[in-house]
Amino acid sequence: MQHSGKNIVLGVTGSIAAYKAVELLRLLKSDGHDVHVIQTPSSARFVGEATFSALSGHAVAVDAFAGESAAGISHIELARSDLMIIAPATANTIGKMAAGIADNLLLTSYLAMDGPVFVAPAMNQYMWHHVAVQENIATLERRGVHNIRPKTGNLACGEFGDGRMEEPEQILVRVRELLTANQPADLEGVDILVTAGATRELIDAVRFITNRSSGRMGFALAKAARDRGASVTVIAANCALEHHPGIRYIDVQTSAELQEVLEQKFDKCNVLLMSAAVADYKVSTTTATGKLERKSEIHLRLVPTSDIVSNLKGNGNGRLKVGFAAEFGADKIERARRKLEEKNLGMIVFNDVSRADIGFESEENEITILMPDGNDEFVEKATKLECAHRILDKVRESVRQ
Ligand code: CTP
């Protein structure tokens, strides 16, 4: 983990989704945080104090009027925590937060809190869409509260719609993002070019050959670099991902288009993060304007695409080229290391794509950053944003030399 353990208040309010707060608590603890749970009185009807106190290692705070609460810690001390997460957050609690009402320990702690606050609403879909709730949540967002929007799905009341609390794993992703976002601006003045996604090699006007890369790693790199003050351009090959303000995006489709844009931009950058999964083959006889008809058999002739990153003259000329190698099989790490040399890269990021829990289409990755001098770094399974920061730590060391 890049961040050190934080002091976190987990507020649990009276919703059936309170059982998910148990899992969230477990995840936060295993991420190295010290967690104090505050329950509203009605939440104890869903999950008892004993569960939260056993898992958190602290007595659970409930009563606002005990002076020093039962947990031996006042609302002011609780509010000096680094972070507060209210999950699940009911319409009632959201409304009181917006109105500044403080009639229980969680709400008094919230008002005294000066660190970041997350709410993960959970309620019936009609309640969620009620104008009062929407106005209250908008008020909280305007004041800087991080709203982890509820999802669409089966609701505890038997209906289907919006209002289902986000899953604990996803709440953890948001918390980790916030903790890693507060980075020093140590890449200010550095121009970073990121390629992301999977190229498409056209067979005809409607069909193409591609691969499973979603672009998440490249987008995480771009966001992390931007948060650290770099000037960032992303060349995005078919990525259906959220764009961030302050980052320039150029969309491309094929490996030839990616190569063309990259060749124009490369000279002006300091660092190229080549995370795009470029197709190795393209169809030699693309029917670009039509659609192939169905026949008993067709033969496609595939020819290699050019090795884009190898052909860019850079590394050592004040420009750092970082490659990415997603490898399978027994000698995977050696193959990645060979690419470091053959493609004339300043470093290469290896990940094992034989594992289903990391890499393609996943929010997480486990990587090894291979360096020419053997000063490699292994990053244990972490979110792609955290992996991105570790890669950028190495990039920063290299550009400073
Ligand atoms: N790459 C590239 N152009 C290609 C293929 C790959 O620039 N035509 C880049 C990738 O973006 C990545 C690095 O080279 O940064 C390694 O990609 P990989 O697909 O592992 O390399 P290949 O040379 O295609 O090797 P393999 O035969 O194992 O696919």
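Look up a bit, the structure's there.
A closer look at the pattern of salt bridges
- Enumeration according to the criterion identifies 22 salt bridges in this entry.
- Across the pair Arg80 and Asp114 runs a salt bridge, and its minimum N-O distance is 3.8 Å. In this pair, Arg80 sits in the loop between helix H3 (75-79) and strand S3 (83-89) while Asp114 sits in the loop between helix H5 (105-112) and strand S4 (117-121), placing the two residues 34 residues apart along the sequence.
- For Arg80, a relative accessible area of 45% gives the class partly exposed.
- Here Asp204 makes a salt bridge to Arg207, at a shortest N to O gap of 2.5 Å.
- Here Arg207 falls in the partly exposed class, since its relative accessible area comes to 33%.
- Taken together, the shared-partner salt bridges connect Asp31, Arg176, Glu364 and Lys381 into one network.

Thoughts on the sheet that holds strand S16 (residues 320-327)
- The strand order across the open sheet formed by eight strands is S12-S11-S8-S13-S16-S17-S18-S19, and the pairing between neighbours is mixed. At either end of the open sheet lies a strand with only one pairing partner, and these are strand S12 (248-252) and strand S19 (377-383). If you compare each strand with its neighbour and ignore which way they point, the axes differ by 20° on average.
- Relative to strand S18 (residues 364-370), strand S17 (residues 347-352) runs antiparallel, the two sharing four bridges. Residue pairing in the sheet places Val349 in a bridge with Ile369 of S18.

Let's talk about H5
- Among the eight residues of H5, seven are classified as buried, and the element is accordingly described as predominantly covered.
- Taken together, the buried positions of H5 are occupied by Leu105, Leu106, Leu107, Thr108, Ser109, Tyr110 and Ala112.
- With a side-chain oxygen positioned 3.1 Å from the backbone nitrogen of Leu106, the residue opening H5 is Asn104.

Parameters at a glance
Residues numbered from 1 in each chain as written. Predicted model: local features only at pLDDT ≥ 70, side-chain atom pairs only at ≥ 80, totals over all residues. Heavy atoms only, no water. Salt bridge = Lys/Arg side-chain N within 4 Å of Asp/Glu carboxyl O. Helix = DSSP H or I, 4+ residues; strand = E, 2+ residues; numbered from the N terminus. Buried < 20%, exposed > 50% of the residue type's maximum accessible area, 1.4 Å probe, protein only. Pairing = 2+ DSSP bridges. Axes fitted to C-alpha atoms, helices over the stretch in contact; angles between N-to-C directions. Polar contact = N/O pair within 3.5 Å; in protein donor to acceptor, adjacent residues only side chain to side chain.

The quantities given are spatial measurements derived from coordinates; they are silent on function.
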